[in-house]
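# Overview (structure and organization)
If you want the building blocks of each chain, they are given just below.
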Amino acid sequence: RTAQPSPAWLAQFDDRGVKNVGDMRLVPAPYPLYEIGIKEGLRSILHILLKVQGQTIGLLNLIASTPDFFTLEHEQIAAEVGGQIAIAIRQMRLDQALKRHTQRLEVLHAIDRALLRADSLPSIVNSTLSEMRRLIPCERAGVVLFDKQTNEAVLYMLNTATESELQSGQRTPM
C-alpha cells in the first residue's frame, strides 16, 4: 500500500495534477527539497502528480534555475509523461505481485508433490517444513504437538538452516 498525501497538500495541485512554482524563494516555509534547490541556484519547480487508479503514488519533479521557467506547454508535456511513468510503475508493481504469487503457487505445488511422494508422516512433515521455509525465508520451521495426557508440548519435527539444541521429541510443560 502506498501512503497518501494529505488533502490539504493535494489541494495545491490543479485538476490536471500540476503545480507550477515560479520561484521557490517566494514560498513561505519551503519544503526541504525547495531549500536544497535554492541553495544550489535553482528557482522554479514543476510538480506532476503520479496517479494510478485514482491513488497518488508519487511526483514527477522538473526543476530549473530560471524563475517562472515552466510554460503551459511544459506542463502539458510533463503531465503526459507523468501519466506514462505512473502506468509503467503500476505495471512493474503488478509484475512483482504476479511473480510473488507465482512463487507461492510453485512452493505450494512442491508441497503437494512432496505429500504425494511421502511414504511416512515424518517424511511428509519434513518435506512440508522445508518447502515452507522456501516460501517464507525463515531460519526454522517446526511442528509442535500437544500431549493432553501429560500437559506437554512435544516438538514433533524441526527443519532448520542452522544447528539447534532443539531435538524432535523434546517436551516442554504447557
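Scroll up to find the structure.
Here is a short report on the structure shown in this document. (Residues numbered from 1 in each chain as written. Predicted model: local features only at pLDDT ≥ 70, side-chain atom pairs only at ≥ 80, totals over all residues. Heavy atoms only, no water.)

### Considering the overall build of the chain
Applied cut-off: The helix count covers DSSP runs of H or I at least four residues long, the strand count covers runs of E at least two residues long, and both are numbered beginning at the N terminus. Residue contacts are counted whenever heavy atoms from the two residues lie within 4.5 Å of one another. Exposure was quantified through the Shrake-Rupley algorithm and a 1.4 Å probe, taking into account, for residues, occlusion by the shown protein chains and nothing else. His residues and chain termini do not enter the charge count, which takes Lys and Arg as positive and Asp and Glu as negative. Charge positions come from single atoms, namely NZ of Lys, CZ of Arg, CG of Asp or CD of Glu.
Counting its regular elements, the chain contains 4 helices and 6 strands. Dimensions of the chain, computed from C-alpha atoms along their principal axes, come out at roughly 80 × 35 × 30 Å. A fraction of 41% describes how many contacts in the chain between residues 6 or more apart in sequence connect residues 24 or more apart. Summed over its atoms, the accessible surface of the chain is roughly 11,900 Å², and 57% of this surface lies on carbon and sulfur atoms. Each charge class in the chain was averaged separately, 19 positive and 19 negative side chains, and the resulting centres sit 3 Å apart.

### Topic: the nonpolar core
In globular proteins that are soluble, nonpolar side chains generally tend to be buried together. Condition: Definition of nonpolar core: a set of buried residues of the types Ala, Val, Leu, Ile, Met, Phe, Trp, Tyr and Cys, connected through side-chain atoms within 4.5 Å. Only protein chains enter the calculation, and the probe is 1.4 Å; a residue is then buried if its accessible area is under 20% of its type maximum, exposed if over 50%, and partly exposed in between.
Membership of the largest hydrophobic core is limited to 11 residues, which are Val18, Leu46, Ile48, Leu50, Val52, Ile57, Leu60, Ala64, Phe70, Ala78 and Ala86. For this core, the elements supplying multiple residues, two or more each, are strand E2 (44-52), strand E3 (55-64) and helix H3 (72-117). At 4 residues, the largest contribution of residues to this core is made by E2. Among all residues touching Ala78, those that are not within four sequence positions of it are Leu46, Ile48, Leu60 and Leu62.

### Section: the packing of aromatic side chains
Note the following rule: Only centres within 6.5 Å qualify two rings of Phe, Tyr or Trp (six-membered ring in Trp) as a pair; their planes then separate them into stacked at under 30 degrees, edge-to-face at over 60, and tilted for everything else.
The tally for this structure, following the rule as stated, stands at 3 aromatic pairs. Here the aromatic rings of Phe69 and Phe70 are separated by 5.1 Å at their centres, their planes lie at 90°, and the arrangement is edge-to-face.

### A few points about the pairing of E2
Selection rule: Here, any two strands with at least 2 DSSP bridges between them count as paired.
Most of E2 is tucked away, with 8 of its 9 residues classed as buried. The sheet contact formed by strand E1 (residues 18-21) and E2 spans 4 bridges and is antiparallel. Each bridged residue has a counterpart across the sheet, and for Asn20 the counterpart in E2 is Leu46. Relative to E3, E2 runs antiparallel, the two being bridged by 9 bridges. Its bridge partner lying in E3, Leu46 is registered against Leu62. The loop that links E2 with its antiparallel partner E3 comprises 2 residues; one of these, Gln53, has a positive phi angle of about 50°.

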